[in-house]
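Chain by chain, the residues run as shown.
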Amino acid sequence: MAWALKLPLTDEVIESGLVQDFDASLSGIGQELGAGAYSMSDVLALPIFKQEESNLPPDSDNKILPFQYVLCAATSPAVKLHDETLTYLNQGQSYEIRMLDNRKIGELPEITGKMVKSIIRVVFHDRRLQYTEHQQLEGWRWNRPGDRILDLDIPMSVGIIDPRANPTQLNTVEFLWDPSKRTSVFIQVHCISTEFTMRKHGGEKGVPFRIQIDTFKENESGEYTEHLHSASCQVKVFKPKGADRKQKTDREKMEKRAPQEKEKYQPSYETTILTECSPWPEITYVNNSPSPGFNSTHNSFPVAEGNGSPNHQPEPVVPVADNLLPTATPQDAQQWLHRNRFSPFCRLFTNFSGADLLKLTREDVIQICGPADGIRLFNALKGRVVRPRLTIYVCQESQQAREQQPKHENGDAAANTFFVYHAIYLEDLTAGELTEKIAQLFNISPRQINQIFKQGPTGIHVLVSDEMIQNFQDEVCFVLDTMKDDTNDGYHIILK
């Protein structure tokens, strides 16, 4: 009986001792990892985590890139950790992008002392809008005729050469720069994020854009087609001063959050570093603009026409009257716009016939095409052909003799007698110009005409000079006589 009473007592003692030891071990854990001493960095520093970290592949983000682009605009504080930064921009405000050379010594020696070309573009961040980018930009062009989505602020930019903006690509600019020299380019974005959202009841959320920079080096042909580096960042564009208000609102919201909540968000940085990305699809800028193939001439903001080839030089053509007729079909009107260097506006006037275009007022055309191109288009539609400085009429003497009809018995010429004259239009009023025009009339080379004479009093031959042509009366008539030169195969022309 005594043993029976003693055994439970011993079990109680043992059980009590175990409980005390377990409580002590828990209290020890609580002291070591209490609220005051606990931090995630301490946990990550444990050997087990270090061992796992050493087995991970090296982070590609830490590699040194050949270039770095820094947008001088603050990032938003309302972006969660590990998310891409977001930067707010004001519409039409100039923002600096610093073009930095990060190459190590000996890296990319082929571009040392040479230029590279960078293309800056504003594109959609959302994949859904990227698929319909062409339609979105055309709609924006229709609502904002004459405006561009992206512009360069050339006076403020430093170190850029040969800046270009293709009128058919409103969201793209390009330039050359020397990586060994300080280069800063200032850009202006003229569209706002809410212009591409579905209109509902106001207060809609604007779509984000991307600012992307692609840099190329020269190939063996001297064209900038070999890709070097691409980087981009996410932005939203607000009406003037709207970005400042949005930045302030985000900052105030973050200040009201609890400390534990703030740790989930990344801080606001004074500048935005563009992160590496894939190059923009080449087809976007090869077919419609001179890039990526530059030619050697350096002209500011050329207008690309025709096939857009940088090495194609159009043949000089003689200007002729090209008036748009009211009976022109929409297809004829499109061809007329192309011939008269209005290609960027062909899409706007896709369904316009000749009569539709001719009915447009000066104010209508300026509103659609902008002041400069609008005035030019209106003058082309309504303007008359410029009158030449001098017009003369000539008839070949042999032709005149053939056309001469027999006389009647009373000695009078027949009433139906007439002579065919050709008009020659002169602009420079020089003997050389007259020689070329007469050669065209005779279908011979100008070199075959040695001299041009004018028959004077008593049948003398007076050599035609520039001064004589400048004193011709307008619409004067001459009979041309040709005389073979005995010394060579040329001719002398006599104006009678």
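Residues numbered from 1 in each chain as written. Predicted model: local features only at pLDDT ≥ 70, side-chain atom pairs only at ≥ 80, totals over all residues. Heavy atoms only, no water.

- Per an unreviewed UniProt entry, the protein chain goes by the name Transcription factor CP2 and belongs to Stegastes partitus.
- In UniProt, the protein chain has this text filed under Sequence similarities (unreviewed entry): "Belongs to the grh/CP2 family. CP2 subfamily."
- Checking UniProt for the protein chain, the heading Subcellular location (unreviewed entry) contains the comment "Nucleus". (UniProt positions renumbered as here; feature names shortened; annotations may be inferred.)

### With respect to the pattern of salt bridges
Working step 1: Under the defined criterion, the tally for this structure stands at 15 salt bridges.
Working step 2: For arginine 210, the salt bridge is made with glutamate 84, and the minimal N-O distance between the two is 2.5 Å. Linking arginine 210 in strand S9 (residues 209–218) with glutamate 84 in the loop between strand S1 (67–71) and strand S2 (86–90), this pair joins segments that are 126 residues apart in sequence.
Working step 3: Assessed through its relative accessible area of 12%, arginine 210 is described here as buried.
Working step 4: By relative accessible area, which is 30% here, glutamate 84 ends up partly exposed. (Salt bridge = Lys/Arg side-chain N within 4 Å of Asp/Glu carboxyl O. Helix = DSSP H or I, 4+ residues; strand = E, 2+ residues; numbered from the N terminus. Buried < 20%, exposed > 50% of the residue type's maximum accessible area, 1.4 Å probe, protein only.)

### Remarks on the pairing of strand S15 (residues 449–455)
For a regular strand, the rule is simple: side chains alternate between the two faces of the sheet.
Working step 1: Both S15 and strand S18 (residues 491–495) contribute to a ladder of 5 bridges, which runs parallel. What sits directly across from isoleucine 449, in S18, is tyrosine 491.
Working step 2: Where S15 and strand S16 (residues 461–463) come together, 3 bridges link them in antiparallel fashion. From the neighbouring strand, lysine 454 faces S16, where its bridge partner is valine 462.
Working step 3: Linking S15 back to S16 in an antiparallel pair, the connection comprises 5 residues, with threonine 458 at a positive phi of about 55 degrees. (Pairing = 2+ DSSP bridges.)

### Concerning the sheet that holds strand S13 (residues 390–396)
Working step 1: Taken in spatial order, the 6 strands line up as S14-S13-S17-S18-S15-S16 in an open sheet, and their pairing is mixed. Each end of this open sheet is capped by a strand with a single partner; those strands are strand S14 (422–426) and S16. On average, each strand axis in the sheet is inclined to that of its neighbour by 40 degrees, with strand direction left out of account.
Working step 2: Contacting S13, S14, S15, strand S17 (476–484) and S18, helix H14 (residues 431–442) crosses the sheet at an angle of about 150 degrees to S14. (Axes fitted to C-alpha atoms, helices over the stretch in contact; angles between N-to-C directions. Contact = heavy atoms within 4.5 Å.)

### Overview of the confidence of the model for the protein chain
Detailed reading of the predicted model is not advised wherever pLDDT is low.
Working step 1: For the protein chain, the mean per-residue pLDDT works out to 75, and 72% of the residues sit at or above 70.
Working step 2: Low confidence marks residues 25–61, where pLDDT is under 50. Its contacts with residues over four positions away, or in another chain, come to 8 contacts.
Working step 3: Overall, residues 407–411 carries pLDDT values under 50, and its contacts beyond four positions in sequence, including any with other chains, amount to 3 contacts. (pLDDT = per-residue confidence, 0-100.)

### Re helix H11 (residues 362–369)
Working step 1: Taken residue by residue, H11 has Val365, Ile368 and Cys369 as its buried positions. Buried residues in H11, looked at end-on, bunch into an arc of 80 degrees, giving them a common side. Exposed and facing more than 90 degrees away from the buried side of H11 are Glu363 and Gln367.
Working step 2: Packing partners of the buried residues in H11 comprise helix H12 (371–382). (Arc of directions from axis to C-beta.)

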